[in-house]
Amino acid sequence: MNYFFAIVWAVLEKDIRVEIRTRESLLVMLVFALLVLTIFSFAFGPGQGGKEAAPTQAGILWVAFLFSSVIGFSRSMGIEREGNGFSAMRLSPADPSALFFGKMLAIFFLVAIMEIVGFAALAVFYRAQVWENIGMLSLVAFIATAGISAVGTLFAAMTARTRARDALLPVLLFPLLVPVLIAAVKATAAILGGAGWDEAGDWVKLLMAFDLIFIAVSAVTFEFMLEEGGGV
């Protein structure tokens, strides 16, 4: 078990060190998310918060998060493709699921930083009730991001060695993430609108169920993505 977690940490540390050195993925993710939130703030106006504006605010927020996350997925696996990382992982005696969790946690870390900035921008640009509900919003974001990161890691590995990877990844990924996006938007809207856990609770449970299923499936099937020609 200690060896398993050592592999997870090694992969996570490697990806974070690469990101700190290159500063490619996170910077682009942040710029894209802020650009989307800024543009829509001019389109819809700053709003006054409350129940009426909450669905629009939540929808814009999670669309920005989802599209920005794809950049992180693509770049994370692009590094492995360019450095023959897939061959190294395939030949490694390490448990493929440990490699998967290391990659997933690295992506989760980047997406989480982007989301922190995104929530702050939502509070400023839209006058949303973010700081008043930061605890519940953090829980929703954590659970939703775990599911998004798991599925994104798997499909990014699947498409990394295809020529049309940049176009193919979102085409395959977005339909599967529809349940996560809907649940995250509904839960976030309920919290921002003042309904609290009464309305958000059921959507959070749906997110948790999605996480349990797809994290398990992704961890098991990641081994096949490492095989030569295992991608689409």
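Reading guide: rules and limits
Residues numbered from 1 in each chain as written. Predicted model: local features only at pLDDT ≥ 70, side-chain atom pairs only at ≥ 80, totals over all residues. Heavy atoms only, no water. Helix = DSSP H or I, 4+ residues; strand = E, 2+ residues; numbered from the N terminus. Buried < 20%, exposed > 50% of the residue type's maximum accessible area, 1.4 Å probe, protein only. Contact = heavy atoms within 4.5 Å. Areas by Shrake-Rupley, 256 points an atom, 1.4 Å probe, with all protein chains shown as cover. Axes fitted to C-alpha atoms, helices over the stretch in contact; angles between N-to-C directions. Parallel < 35°, antiparallel > 145°, perpendicular 65-115°, else oblique. Left-handed = near helix turned anticlockwise from the far one by under 90°. Nonpolar A, V, L, I, M, F, W, Y, C, P; charged D, E, K, R; others polar. Phe/Tyr/Trp six-rings, centres within 6.5 Å; stacked < 30°, edge-to-face > 60°.

Draft legend 1. Molecular detail of the overall build of the protein chain. The secondary structure content of the protein chain amounts to nine helices and zero strands. Considering the protein chain as a whole, with its 232 residues, one finds that 49% of them fall into the buried category. Of the contacts formed within the protein chain by residues at least 6 apart in sequence, a portion of 83% connects residues at least 24 apart. Surface accessibility of the protein chain: about 11,100 Å² in total, with carbon and sulfur atoms responsible for 70%.

Draft legend 2. Spatial organisation of the packing of helix H5 (residues 96-125) against helix H6 (residues 134-159). It is at 9 Å that the axes of H5 and H6 come closest, and there the two elements cross at 135°. Accordingly, the angle class assigned to the pair H5 and H6 is oblique. In terms of crossing hand, the pair formed by H5 and H6 is right-handed. Facing Phe-100, Lys-103, Met-104, Ile-107, Phe-108, Val-111, Glu-115 and Phe-119 of H5, the residues of H6 in contact are Leu-137, Ala-141, Phe-142, Thr-145, Ala-146, Ser-149, Ala-150, Thr-153 and Leu-154. The residue makeup of the contact of H5 with H6, split by class, is twelve nonpolar, three polar and two charged.

Draft legend 3. Region of the structure containing the packing of aromatic side chains. Tallying each qualifying case throughout the model produces nine aromatic pairs. Residues Phe-100 and Phe-222 carry aromatic rings whose centres are separated by 5.6 Å and whose planes lie at 55° to one another, so their mutual orientation is tilted. Within this pair, whereas Phe-100 is found in helix H5, its partner Phe-222 is found in helix H9 (residues 197-226), the two being separated by 122 residues in sequence. In terms of burial, Phe-100 and Phe-222 fall into one category: buried.

The analysis is restricted to geometry; functional conclusions fall outside its scope.
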